Amino acid sequence: MKIAIPDLISNSYFPALAAIELGFFAEQGLDVTHELIFPVDKAYRMLRDGEVDFVAGAAHAALSAFPDWQGVNLLCALSRGMYWFLVMHKDFAAKRGELDVIKGKRIGAAPWVDMGLRAVVRDAGYDLDRDGIEIAPPPMMPGVGPNFGLSAARALEERKIDGFWANGMGAEVAVRRGIGDVVLDVRRADGHPTWFYATFATLATTARMVETSPERAAAMVRAIDQTHAALKKDVQLAAAVGRKFFPPEEAELIAGLIQRDLPYYDSQISSEAIEGLERFAQGSGLVQGGAPIKTFATTVPAGDRQA
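These figures come from a predicted structure and were not determined experimentally. (Residues numbered from 1 in each chain as written. Predicted model: local features only at pLDDT ≥ 70, side-chain atom pairs only at ≥ 80, totals over all residues. Heavy atoms only, no water.)

Examining the sheet that holds strand β6 (residues 106-109)
Moving on, step 1. Taken together, the five strands give an open sheet; going across it, the order is β7-β6-β8-β5-β9, and neighbouring strands pair in mixed fashion. Looking at strand neighbours, the two that pair on one side only are β7 (134-136) and β9 (180-185), the edges of this open sheet. Taking the axes of each pair of neighbouring strands and ignoring which way they run, one obtains an average angle of 25° across the sheet.
Moving on, step 2. Note: β6 against β7, three bridges, orientation parallel. Across the sheet, residue Gly108 finds its bridge partner in β7, namely Ala136.
Moving on, step 3. Contacts between helix α5 (residues 148-157) and the sheet are confined to β5 (85-89), β6, β8 (163-166) and β9, with β8 contributing the most and set at about 170° to the helix. (Pairing = 2+ DSSP bridges. Helix = DSSP H or I, 4+ residues; strand = E, 2+ residues; numbered from the N terminus. Axes fitted to C-alpha atoms, helices over the stretch in contact; angles between N-to-C directions. Contact = heavy atoms within 4.5 Å.)

Next comes the structure, spelled out in structure tokens:
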């Protein structure tokens, strides 16, 4: 079985990669590999078309290939909360939470990821046209492949953009290189509390797979639970995984980023998460009907989940 991951050199979907490399899927009797597929909507289309078996990606982006949630199942959360950062170039000297800095600026954001920022901008009372705010994918920079966070940091460094909305790895690289400041981190209480629940990193599959192989779905979730527990016990396991897949600089950063994310490592999908995802999808015009979101890992304790 194959998991599509839209951004590999990142902390965003790291539990899925770690579950493969640390052997937890194998412990559950599953033969799982991964493939870097960017952008996330392409990954979900490949899931729909049977070219991959799972997607580790943003929950709301499932709607790119499964209208009104029909045919998709959010197996579990890889982590809780909307997980992207708004980073602006150092020259603007923006303070944390100072959103006025985005006026008249070019903000780089990947397809479907950009919807999180658009919702934040809209809820904060800004208008893209009136305030001259451009949110669009920046040029993919050479030398980093289709790894958006690293590409965004490079584009910021070369002033192709004024800021970006991307994962924690891209944000950390920009800050450490002295080229950017974090303006918004909604996961850690920046901005309106409802932004936290707009979307989350999920492991998704088809509804058909859950219906025909519920035992496999349960095993996948158990493996993610094991991965979360292992990383909480020894976060340096993340460094071992990072050294295999990441460039040297990012490999050295990943354990620290995972350490910061550990409080959000929970595979359960809470009622608040579902309500927030529905609210975000409706507000962004992504759904037409009122079909419920299908999930496998809910508020049932991990030890009690059965196929």
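Regarding the pairing of strand β3 (residues 54-58)
Moving on, step 1. Counted residue by residue, β3 has five buried out of five residues, so it is predominantly covered.
Moving on, step 2. In the sheet, strand β1 (residues 2-5) pairs with β3 via two bridges, with the strands oriented parallel. Paired with Ala4 across the two strands is Val55, which belongs to β3.
Moving on, step 3. Sheet topology places β3 next to strand β10 (residues 201-206); four bridges connect them, and they run antiparallel. (Buried < 20%, exposed > 50% of the residue type's maximum accessible area, 1.4 Å probe, protein only.)

Some thoughts on the environment of Gly50
Moving on, step 1. Take Gly50: it is sitting in the loop between α3 (40-48) and β3.
Moving on, step 2. Judged by relative accessible area, which is 58%, Gly50 ranks as exposed.
Moving on, step 3. Each C-alpha atom, one on Gly50 and one on Thr206, is 9.0 Å from the other, the two residues being 156 residues apart in sequence.

Things to note about the side chain of Lys105
Moving on, step 1. On the secondary structure map, Lys105 appears in the loop between β5 and β6.
Moving on, step 2. Asp162 provides the closest opposite charge to the buried, salt-bridge-free Lys105, at an N-O distance of 6.3 Å.
Moving on, step 3. In this structure Lys105 touches Met88, Phe92, Gly132, Ile133, Glu134 and Asp162, once residues within four positions along its chain are discounted. (Lys, Arg positive; Asp, Glu negative; His and termini not counted. Salt bridge = Lys/Arg side-chain N within 4 Å of Asp/Glu carboxyl O.)

Observations concerning the sheet that holds β10
Strands belonging to one sheet form pairs held by backbone hydrogen bonds; the direction of such a pair is parallel or antiparallel.
Moving on, step 1. The strand order β2-β1-β3-β10-β4 describes an open sheet built from five strands, whose pairing is mixed. Pairing within the sheet leaves two strands with one partner each, and these edge strands are β2 (33-36) and β4 (72-79). Pairwise comparison of adjacent strand axes, ignoring direction, gives a mean angle of 25° for this sheet.
Moving on, step 2. Where α3 meets the sheet, its contacts fall on β1, β3 and β10, and the angle it forms with β3 comes to roughly 150°.

Quick word on the packing of aromatic side chains
Moving on, step 1. Summed over the entire model, instances satisfying the criterion amount to seven aromatic pairs.
Moving on, step 2. Both rings, one in Trp84 and one in Trp165, keep their centres 6.2 Å apart while their planes meet at 55°; by these two values the pair is tilted. In this pair, Trp84 sits in the loop between β4 and β5 while Trp165 sits in strand β8, placing the two residues 81 residues apart along the sequence. The pair formed by Trp84 and Trp165 is uniform in burial state, with each residue classed as buried.
Moving on, step 3. Above the ring of Phe92, the side-chain terminus of Lys105 is found at 4.8 Å from the ring centroid. (Phe/Tyr/Trp six-rings, centres within 6.5 Å; stacked < 30°, edge-to-face > 60°. Lys NZ or Arg CZ within 6 Å of the ring centre and 35° of its normal.)

Geometric descriptors of this kind do not, in isolation, establish any biological role.
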